[in-house]
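Here's the letter readout for the chains.
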Amino acid sequence: MKKTNITFLYLFVLNLFVFSLSAQSKTATGKNKKNAYLFVYFTGNSPIKECIRYAVSRDGYKYFALNNDKPILDSKIISSSGGVRDPHILRCEDGKTFYMVATDMTASKGWDSNRAMVLLKSTDLINWTSTVVNIPQRFKGFDDIKTVWAPQTIYDKEVGKYMIYWSMRTEKDPIERLYYAYANSSFTDLETDPKPLFRPLSGALTMDADIILKDNLYHLFYKTADKKRDGIKVATSSSLTSGKWTENDRFLQPTTKSVEGSCVFKLNNSNDYIMMYDLFRDHSFQFTRSSDLENFKVVDEEVSLNFHARHGTVMSITDAELENILKKWGKPSGL
C-alpha cells in the first residue's frame, strides 16, 4: 500500500515537472515569436532632429513613438558632425545581435559637408557601441568625395560577411553612385576598399538603396530620376557583387509626387511586403503593399504615425524585445 502511494506520488510529481517545463517552453517560444515592429528614424534638417528615434507597432501599420519622440542616442557622442540621418537597422544572422548604420551629417553644415558614416552594434536594442568611419581618411583615392549618404547593411551569404552599401558623389562625377565595402567581424570598421555596386543603364543618379532577399533573389530598390520624374526603381540579381543586375525600368511608387528613402520589409505571418517612402516635399510618409515586390498598392488608410518621420527603416521584433524596450522608454498611449 505504501509502495503504491509512493509510486503514485512520484508519477504525479514527475508529470507536474514535465508540464511545467512544457509551459515554460511554450511561453518562451511565444515571447520569441516576431509579432511586433521597430521603426528607426530621424525627423528633420537641424541638429535636434538629426538623431536616432524609435517607434513601435504591433501590426506594421500603426506606429507609436517611444521616449516621447525624443532621441534614444546622443548624436553628439556617436557622430563626428553632431548629427546622424537615414538610420538603417538589421538583425544579424545569429538572431540576437543588431547592426545599425547612419549618415554622419547635419544639414546645417551643407548638403555636401559629410564624409563619414556611423556603425553601431547592440545585443538588446538599448545599449549601443559606435564607431565613425570617415571614407577619405580611411581609404586612399577618395579625397574628392562630396557625400557619404544613406548607408545600409546586408549579409552576403556568398562570402559570409556583412556588406555595407551607400551612395557617394565626387567633384569629377557630381551624381550619386552606389558603392559597397565589407565590415570587419566586430562591426567597427570597413575592411575592404569601397567599390561600385550598381549603376543603371541610364547612368542616372542612384541613392537611398535598400536590398531585400526574396526567393534567393536580391531586390535592390533605389531612388533615381529622369527628365520627367523621380522615384523608386528596382533591379534584381542572384549575386550581390557579380555586377549582373536585371533592371525594371518603371517607377514602382503609385504616386507622381517626389519620393525618396524607401524601406521594404516583410509583414509578420504574411507573404506580403510593405514599401514605405518619404514624401519629402509634403513632409509625410506613404505606405504601400505588395506580394511580388513589383506591384504596390497604397494602404495609407490603414496607417497612422503619432510622430513626423524622415528616412528610416522598419525591422520585425519579438514580443520579448518589445517588452524590453518598453520597460526602458515606457509604453506609449494607444499601443
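Every value quoted in this text rests on a predicted model; they were computed, and no experiment measured them. By convention here, each chain's residues receive numbers from 1 onward along its written sequence. For this predicted model, a pLDDT threshold of at least 70 governs which residues receive local features, and a threshold of 80 or more governs which side-chain atom pairs are given and counted, while totals over whole chains, interfaces and linings are taken from all residues. In computing side-chain values, all of the structure's heavy atoms are included and hydrogens and water are not.

Peer 1: Quick question: what am I supposed to make of the environment of Ile 126 here?
Peer 2: Counting from the N terminus, the helices are DSSP H or I runs at least four residues long and the strands are E runs at least two residues long. Topologically, Ile 126 is positioned in the loop between β6 (116-122) and β7 (129-134). Taking the C-alpha atoms as reference, Ile 126 lies 7.7 Å from Lys 328; in sequence the two are 202 residues apart. Residue contacts are counted whenever heavy atoms from the two residues lie within 4.5 Å of one another. With near-sequence residues (within four places) excluded, Ile 126 lies in contact with Asn 324, Ile 325, Lys 328 and Trp 329.

Peer 1: Looking at this structure, I do not really get the packing of aromatic side chains. What am I missing?
Peer 2: One pair of aromatic rings is described through two measures. These are the centre distance and the angle between the planes. A pair of aromatic rings is counted whenever rings of Phe, Tyr or Trp (Trp by its six-membered ring) have centres within 6.5 Å, and the orientation is called stacked for planes under 30 degrees apart, edge-to-face for over 60 and tilted otherwise. Inspection of every chain in the model, using the stated rule, returns 16 aromatic pairs. Judged by centre distance (5.3 Å) and plane angle (85 degrees), the rings of Tyr 54 and Trp 329 are edge-to-face. In this pair, Tyr 54 sits in strand β2 (residues 53-57) while Trp 329 sits in helix α4 (residues 319-329), placing the two residues 275 residues apart along the sequence. Taken as a pair, Tyr 54 and Trp 329 share a single burial class, namely buried. Remark: exposure states derive from per-residue accessible area (1.4 Å probe, protein chains only) relative to the maximum for the residue type, with buried under 20%, exposed over 50%, and partly exposed in between.

Peer 1: Teacher, can you tell me more about unusual backbone geometry here?
Peer 2: Trans is the prevailing form of peptide bonds, just as negative phi is the prevailing case for residues other than glycine. Notably, Asp 208 is not glycine yet its phi reads approximately 50 degrees, a positive angle. Among the structural elements, Asp 208 can be located in strand β12 (residues 207-214). Residue Asp 208 is classed as buried on the basis of its relative accessible area, which comes to 5%. The backbone of Asp 215 shows a phi angle near 55 degrees, a positive value even though the residue is not glycine. Checked against the element boundaries, Asp 215 lands in the loop between β12 and β13 (217-225).

Peer 1: So what exactly am I meant to see when it comes to the nonpolar core here?
Peer 2: As a rule of thumb, soluble globular proteins bury nonpolar side chains together. We call a set of buried residues a nonpolar core when its members are Ala, Val, Leu, Ile, Met, Phe, Trp, Tyr or Cys and they connect through side-chain atoms within 4.5 Å of each other. Among the nonpolar cores identified, the biggest contains 28 residues, and Leu 38, Ile 52, Tyr 54, Leu 125, Trp 128 and Ile 325 are the most heavily contacted of them. Secondary-structure elements contributing two or more residues to this core are β1 (34-41), β2, β4 (84-91), β5 (98-104), β6, β21 (312-318) and α4. Element by element, the count of residues in this core is highest for α4, at four residues. When neighbours within four sequence positions are excluded, Leu 38 is seen to be in contact with Tyr 54, Ala 55, Val 56, Ile 89, Leu 125, Thr 313, Val 314, Met 315, Ile 317 and Ile 325. Grouped together as the second largest cluster of nonpolar side chains are 21 residues, Cys 92, Val 101, Leu 119 and Val 133 included.

Peer 1: Is there a simple way to think about α4 in this case?
Peer 2: Owing to its 3.6 residues per turn, the α-helix aligns residues three or four sequence positions apart on the same side. Taken residue by residue, α4 has Glu 321, Leu 322, Ile 325, Leu 326 and Trp 329 as its buried positions. Along the axis of α4, the buried positions cluster into a sector of 135 degrees, meaning they face one direction only. Those residues of α4 hidden inside the fold are in contact with β1, β2, β4, β5 and β21. Count one or two residues on from α4 and you reach Gly 330, which has phi positive near 90 degrees. Throughout, the arc means that of the directions going from the helix axis to the C-beta atoms.

Peer 1: I keep staring at the environment of Lys 233 and nothing clicks. Help me out?
Peer 2: Within the element layout of this structure, Lys 233 appears in strand β14 (residues 230-237). On the accessibility criterion, Lys 233 (9% relative accessible area) is buried. Expressed as a C-alpha distance, the spacing of Lys 233 and Gln 137, which sit 96 residues apart in the sequence, is 32 Å. Aside from chain neighbours lying at most four places away, what touches Lys 233 is Leu 220, Phe 221, Tyr 222, Thr 224, Asn 248, Asp 249, Arg 250, Phe 251 and Leu 252.

Peer 1: Explain the pairing of strand β16 (residues 260-266) to me, please; I cannot follow it from the model alone.
Peer 2: Along any regular strand, the residues point their side chains to alternate faces of the sheet. Counting buried positions over the seven residues of β16 gives six, a clear majority of the element. The pairing criterion is simple: DSSP has to find at least two bridges between the two strands. Strand direction decides the pairing type here: β16 and strand β17 (residues 273-279), joined by five bridges, are antiparallel. In the sheet register, Phe 265 faces β17, and the bridge partner there is Ile 274. In this structure, the hairpin formed by β16 and β17 is closed by a connection of six residues, where Asn 269 is found at a positive phi of approximately 55 degrees.

These figures capture arrangement, not role.
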